Amino acid sequence: MRDYPIEKTRDIGIIAHIDAGKTTVTERVLFYTGVSHKIGEVHEGEAIMDWMEQERERGITITAAATTCFWKSTRGGEEYRINIIDTPGHVDFTVEVERSLRVLDGGVVVFDGVAGVEPQSETVWRQADKYKVPRICFINKLDRMGASFEFSFKSILERLTPNAVAVSIPVGLEANFSGVIDLMRSKFIKFEGEHGEKLVVEEIPESHRAEAAQWRTKMVEKIAEVDDALAEKFLEGKEISEAELQKTLREATILYKLVPVFCGSALKNKGVQMMLDGVIDYLPSPIELPPVKGNDPKTGGDATRETRDTAPFSALAFKLQTDPYIGQLTYFRIYSGTIKAGSYVLNSSNGEKERVGRIVRMHANHREEVKEMYAGEIGAIVGLKSTRTGDTLSDPENPIVLEKITFPEPVVSLRIEPKTKADQEKMGLALRRLSEEDPTFRIKGDEETLETIISGMGELHLEVIVDRMRREFKVEANVGRPQVAYKETVKNTAEAEGKYIRQSGGRGQYGHVWLRIEPLERGKGFEFENKIRGGVVPQEFIPAVEKGVKEATERGIVAGYPLVDVKVTIYDGSYHEVDSSEAAFKIAGSLALQEGAKRAKPVILEPIMKVEVITPDKFMGDVTGDLNSKRGRIEAINDRLNLKVIDAKVPLSEMFGYVTTLRSISEGRASYTMEFDHYEEVPSNIAELIKEGKK
Ligand code: GDP
């Protein structure tokens, strides 16, 4: 039996730019919701959501884990269950952000009340837009020197959405920040007791009545705009009730037409409870969102699942985590139906049946084993064997494959070498585990040097992986410099012959093929086509040819980087009754590919990053000059408040260490974000450097 009705469930994420205070906010949330009974400051390393040691040290939250807590509105009413899906804040982990956004129904976006909207807040905001995540905002740190609610609110309006609507405002700022005015209720709320846990509701102080009235009018006007009946009332100057306002604001927030903005200071224990009320009041329950869409693997057609307990089971695995005590945890979100411990589900993404060993619900400081879980819930399964991040789990009788989470290709790689023989054995296992957890992290062996090459989304991403390997798996390793994950492709079409014939006594070898190699559109990868007519090369040898070709593309032609975006067609060849073998055809395929690719004008491709730099005007010249010297293309320069925003495309190879460069150019005042954009041919002078291993 369900212990919480679905309408009383919220699956949310707390989303923020690094340092905005997400960890502190989350920690306070867990405290007020009664799960945690001790307030731990981030700098003491006691925050509860920070799972891994190193996260605490870095003070950033890297992996998404889900935590369940309970909240009853400060205005009374029934208790709600809130599942918080942790989202990371660093740009190197945008995939982690995306994967968590995919499974949550609503977000609380936290801002620093001094800085307002920061570059990365924008990146995350746009990602949330992509998944149409309804959200509320929390302007934090109003106790800090230089804090300004007005400035921060304005930066949200100007840079993120004109649909933001303030539902609370602060009384006093910095050291005088004493509480918030709830504009809905027109009350002043103070947070007393040791940890601000005691709410005192008062009339708005005389000194703030005029200001509060102005903000309230703005709020009412904005809410009224989205509803014709309310708009009419507003224009006629009639009273709109609190209930009407709240209902309309709720509907509009769920449709992402309005974004309620709260405020406070997590550190000084002010305002977090109002934001929690907001989660219940304005963010949707799972049932208020459209049915999830997917694909029916039986028919190949579209399929949907209603958010009902009685519908066939469907869920998305969104995170794998290794727990030292109980083993592998697969975090999942149920979209429809129910799941029982001990039953079997189908991993419809790979066709494997999986036994559901145990099901657990994670709380901040303990885990609860449950027998069943229902539509809209979030939990973790212990004991799944072949399920990876992004896979769909479904009822074996009624399979569905939910929309896949798309993961970008890794663009940075480095060589890694175990320090000792003992490390060598453990390293393989550790890397395999980590890559299962994180689809944007890849491992490859270098056949020539026997070294291991790991690749990921950025310098920090790989640094974190190496760190985790050391801490969680106790593997010590030497790592090389981060390298760009170059690729190769061809620009022309060419044909080539591959012959592998050995006939010196005994049984010989005979493989012979003609291949055509042609360029494909960027991002298309590898295609192989068989155009052999009349069995000049028997069908049984074709897969071997393809294998030989594929392996040769992985080794590359120009500088040892994988050859991509090519189509290879086998159209002729010959065979020998006795001497032909798969091995011989495989070699012939490989030889023909190498020869053909050389004739087809092979080139090196490099990842180009989309870079956004935000800088005070006076450093503009230096910043753009530096970007130009990095082969960057400046695409736009815009004004934002009193800053300049520079959009550019820059090759990744020029961006290593940019944090330091930018800091020194701008006296630490400029900031930047970057994300992978596309692969592009490198200029020939750079290609020479790459071939010589100098780049
Ligand atoms: P995260 O990186 O977004 O998880 O941010 P943290 O929660 O780790 O906070 C970053 C820093 O800001 C820490 O030093 C916090 O103590 C501090 N901080 C968080 N919330 C507040 C706040 O409301 N007021 C002030 N003054 N500092 C805060």
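Note: the structure precedes this text.
Here goes a summary of the coordinates provided. For clarity, every value in this text was computed on a predicted model and none was experimentally measured.

Here the focus is the nonpolar core. Ranked by internal contacts, the top residues of the largest apolar core, which has 94 residues, are Val 108, Phe 149, Ile 156, Met 219 and Met 275. The dominant element in this core, judged by the number of residues it contributes, is helix α9 (residues 272-282), at seven residues. Beyond its immediate stretch of four places on either side in the chain, Val 108 contacts Ile 12, Gly 13, Ile 14, Ile 15, Ile 136, Phe 138, Met 275, Val 279 and Leu 283. Formed by 46 residues, the second largest nonpolar core is a distinct cluster that contains Ile 454, Phe 473, Met 609 and Val 650.

The antiparallel open sheet is built from eight strands, whose spatial order is β18-β17-β23-β14-β15-β22-β19-β20. The sheet is open, and its two borders are formed by β18 (352-355) and β20 (367-370), each paired with just one other strand. Between one strand axis and the next, the sheet turns by 40 degrees as a mean value, whatever way the strands run. Pairing between strand β14 (residues 314-323) and strand β23 (residues 392-394): three bridges, direction antiparallel. Paired with Ser 314 across the strands is Ser 394, a residue of β23. In this fold helix α10 (residues 421-437) packs onto β14 and β15 (327-336), with an angle of close to 150 degrees to the strand it touches most, β14.

We now examine the pattern of salt bridges. Using the criterion set out here, one finds 44 salt bridges in the structure. A salt bridge links Glu 244 to Lys 233; the shortest N-O distance between them is 2.9 Å. Taken together, the residues span a long stretch of sequence, with Glu 244 in helix α8 (residues 242-254) and Lys 233 in helix α7 (residues 228-235) at a distance of eleven residues. A salt bridge links Glu 288 to Arg 250; the shortest N-O distance between them is 2.6 Å. Taken together, the residues span a long stretch of sequence, with Glu 288 in the loop between α9 and β12 (292-295) and Arg 250 in helix α8 at a distance of 38 residues. Arg 250 gets classed as buried once you look at its relative accessible area, which sits at 18%. Bridged by salt links that share partners, the residues Asp 3, Arg 81, Arg 361, Glu 368 and Glu 377 form one connected network.

Turning our eyes to something else, we now look at the pairing of strand β10 (residues 198-202). Inspection of the sheet shows strand β9 (residues 187-192) paired to β10 by five bridges, in the antiparallel sense. The partner of Phe 191 across the bridge, within β10, is Leu 199. Taking the residues that link successive antiparallel strands as the turn, the β9-β10 hairpin has five residues, and the phi of Gly 193 there is positive, at about 90 degrees.

We now examine the packing of helix α14 (residues 620-629) against helix α15 (residues 658-665). Viewed as axis vectors pointing N to C, α14 and α15 meet at an angle of 145 degrees, and their least axial separation amounts to 10 Å. In terms of crossing hand, the pair formed by α14 and α15 is right-handed. For the pair α14 and α15, the contacting residues are Asp 622, Val 623, Asp 626 and Leu 627 in the first and Tyr 658, Thr 661, Leu 662 and Ile 665 in the second. Class assignment for the residues of the contact of α14 with α15 results in five nonpolar, one polar and two charged.

Conventions we followed
- Residues numbered from 1 in each chain as written.
- Predicted model: local features only at pLDDT ≥ 70, side-chain atom pairs only at ≥ 80, totals over all residues.
- Heavy atoms only, no water.
- Core = buried A, V, L, I, M, F, W, Y, C linked by side-chain atoms within 4.5 Å.
- Buried < 20%, exposed > 50% of the residue type's maximum accessible area, 1.4 Å probe, protein only.
- Helix = DSSP H or I, 4+ residues; strand = E, 2+ residues; numbered from the N terminus.
- Contact = heavy atoms within 4.5 Å.
- Pairing = 2+ DSSP bridges.
- Axes fitted to C-alpha atoms, helices over the stretch in contact; angles between N-to-C directions.
- Salt bridge = Lys/Arg side-chain N within 4 Å of Asp/Glu carboxyl O.
- Left-handed = near helix turned anticlockwise from the far one by under 90°.
- Nonpolar A, V, L, I, M, F, W, Y, C, P; charged D, E, K, R; others polar.

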